[in-house]
Every structure is written in C-alpha cells, then in structure tokens.
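If you want the building blocks of each chain, they are given just below.
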Amino acid sequence: MQTISENRCFGGVQGVYSHASEACGCDMTFGLFLPDAAQMGAVPVLWYLSGLTCTHENAMVKAGAQAWAAEEGIALVFPDTSPRGDEIANDDAYDLGQGAGFYVNATQAPWAPHFRMWDYVAEELPALIGKNFAVDMERQAITGHSMGGHGALTLAMGLPGRFRSVSAFSPITHPSASDWGRKQLTAYLGDDEAKWAPHDATLQMQAVGFDGPVLIDQGCDDQFLDLLKPEALSAAMAARRQDGTFRMQKGYDHSYFFVSTFMEDHVTFHANALYAD
C-alpha cells in the first residue's frame, strides 16, 4: 500500500492511498478519514459509496462528512467506483465501464477480468483497512449516493450481519426496471435477470430486508427521478414493515449540495447504530 497524501482535517487525518488489488487486477485508490479518536483506539467505520462518473475524491471533497465523523469519532472510507487504467475495459458512455462499476462482480466479456467491485468493497478493501488502520471492523455502517446508494443498499442486504445501519442519498432503487440498471446489469451479468436480483435494492427489500435501521433521503426536484424509481423502494419498505425512514426533500436535486445538506443527519443516524451497545 502506498500513501498518496495525508492532510490534517477536523483534528484527524484525511488520507488517500493506493494498492495493488487482487480482486480488480489493477491498482486501486481509496480515501480514508481517521478522526482524532483513532489515536486512542479502534473506531467504528462508515463506508461511503459514490455514484456514476465519480472517483474516491468526489465525496471526500464535496460531501462535508469529515466534520460530523470527527465529532462522532467515526472513520470514513471512500472507495473508487470501478477499476481504472489503460488496459481496463471501458465504454464511451458515462454510465458503463470506468467510473460505473455498479458494485457487482462482472461475469461477461470484456468486463469480467477487472470489474469485481462487489468482492473489492465487501472483502478485499475491508481486510486491507482492518489490517493497517485503527478501525473496529466489528462496527461498520454503509451509505452512498445514486449508484453508490444502490451499492450500499444491496451490500447491506446481501451481507447479513456485516453492517449495523444503512442509508442512501437518492439511490438507484430498482435497476431491473430502469435504464440506469438494465443496460449495465445486462453488460456485466448477462441476460439472465435472475442473476440481477441480488443487485436490485427493491427486490432485495421484498425478499430479505435489512436487519437494522434504514434511512433514505431523496430530493423531490431530482432530475433523475424516473431513473431512480424511489417509489419502488418506498413501497417495498412499507410492505415489509422495514425499520426505516424514507424522506422526500422538497426542492432538492441530485447534486452534492443536496448530499452535504443532509450529511449530518446521516452520520448521526449511523453513529447511533454504531455506538448502540
């Protein structure tokens, strides 16, 4: 693992690191914020998964999460959204290929050799961070925005017992029924829609739900509402009697202005779950 940068931030350290990833078969970069509390012992971890076109840097710079994480004594992890490099498969469209990994393990050519973001976020990166930093991997929570909200929800429901809480900002909630999903799931996983189900938050909520609290924030003026399909997840949560809150925020769009506005609520929500016992 290589240190790219480390900066003092709200009494803690915002670092950026790179490492050779076995899951993705290339070098991967991630951001990690450690609050001052990490100097005294292992701290809980909140994962933030970013959306289409993003790298590790977008939320790290724009979301304003470090101030609230420092106050709560929580580490923040900002993974990249896909493998990257000249030898890595890509597409001219912004919503497929590099920057658009959708947090799945691709099985189809040309994506299969490198696009294994589920394994990377679920297994490889947690093991690396747990080994090298003062974090308590028994206390984890996860959040994300847009495509990252999709990833946060499907990872939380697909890995029972891993995360104590899950939240999302304007997530892609029903990719099996959306152009932000059908295109990518077909490309990465093939035509068999049964293989898509573990990566569809609405279908997972209907099938298994989440064994902890859920918080969803969605802007009412989001320009991508038809692609995100928030009503599908809201209905699935209600039908399941899921422990959770689904909020439609009047006047807000899909941008990081929206995310940063409600970031304090989300960090506090996760802190309550992470420190519950």
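**Student:** Summarise the environment of Lys229; cite the residues concerned and give the values.
**Tutor:** Residue position: Lys229 is located in the loop between helix H7 (225-228) and helix H8 (230-240). Sequence-distant contacts of Lys229, defined by excluding residues within four places in its chain, comprise Thr173, His174, Ala177 and Ser178.

**Student:** Please give an account of the nonpolar core that cites residues and values.
**Tutor:** Phe30, Trp47, Tyr120, Ile142, Leu153, Leu155 and Tyr188 are the most contacted members of the largest nonpolar core, which has 63 residues in total. The element that contributes the greatest number of residues to this core is helix H3 (residues 117-132), accounting for 8 residues. Leu153 has contacts with Val166, Ala168, Pro171, Ala201, Val214, Ile216 and Leu233, leaving out every residue within four places of it along the chain. Formed by 23 residues, the second largest nonpolar core is a distinct cluster that contains Phe33, Ala69, Phe78 and Tyr256.

**Student:** Can you lay out the packing of H3 against helix H4 (residues 147-158) for me, pointing to particular residues and giving the numbers?
**Tutor:** Remark: H3 packs on H4, axes separated minimally by 12 Å, with the N-to-C direction vectors making an angle of 60°. By the angle between their directions, the pair H3 and H4 is classed as oblique. Between H3 and H4 the crossing geometry is right-handed. Residues Trp118, Val121 and Ala122 of H3 lie in contact with H4, whose contacting residues are Thr154, Leu155 and Gly158.

**Student:** Which residues make up the environment of Arg8, and what values go with them?
**Tutor:** Mapped onto the elements of the fold, Arg8 is located in strand S1 (residues 2-9). Residue classification places Arg8 among the exposed positions, given a relative accessible area of 59%. Through-space distance from the C-alpha of Arg8 to that of Thr268 is 22 Å; in sequence the pair is 260 residues apart. Leaving out residues up to four positions away in the same chain, Arg8 has contacts with Val13, Asp36 and Gln39.

**Student:** How would you summarise the pattern of salt bridges if you had to cite specific residues and measurements?
**Tutor:** If charged atoms from side chains of opposite charge come close, those side chains can pair. Under the criterion given, the structure shown has 9 salt bridges. The salt bridge involving Lys183 is made with Asp95; its shortest N-O contact spans 2.7 Å. Here the residue Lys183 occupies a position in helix H5 (residues 179-189), and Asp95 occupies one in the loop between strand S5 (75-79) and H3, the gap between them amounting to 88 residues. For Lys183, a relative accessible area of 36% gives the class partly exposed. In this structure Asp95 comes out as buried when scored by relative accessible area, which is 9%. Ionic pairing is found between Arg247 and Asp217, a salt bridge with its closest N-O pair at 2.7 Å. Taken together, the residues Arg247 in strand S9 (residues 244-249) and Asp217 in strand S8 (residues 214-219) connect sequence positions 30 residues apart. For Arg247, a relative accessible area of 24% puts it in the partly exposed group. Look at Asp217 and you get buried, because its relative accessible area is 0%. In the salt-bridge network here, residues are joined through shared partners; they are Asp217, Arg247 and Asp265.

Thresholds applied
Residues numbered from 1 in each chain as written. Predicted model: local features only at pLDDT ≥ 70, side-chain atom pairs only at ≥ 80, totals over all residues. Heavy atoms only, no water. Helix = DSSP H or I, 4+ residues; strand = E, 2+ residues; numbered from the N terminus. Contact = heavy atoms within 4.5 Å. Core = buried A, V, L, I, M, F, W, Y, C linked by side-chain atoms within 4.5 Å. Buried < 20%, exposed > 50% of the residue type's maximum accessible area, 1.4 Å probe, protein only. Axes fitted to C-alpha atoms, helices over the stretch in contact; angles between N-to-C directions. Parallel < 35°, antiparallel > 145°, perpendicular 65-115°, else oblique. Left-handed = near helix turned anticlockwise from the far one by under 90°. Salt bridge = Lys/Arg side-chain N within 4 Å of Asp/Glu carboxyl O.

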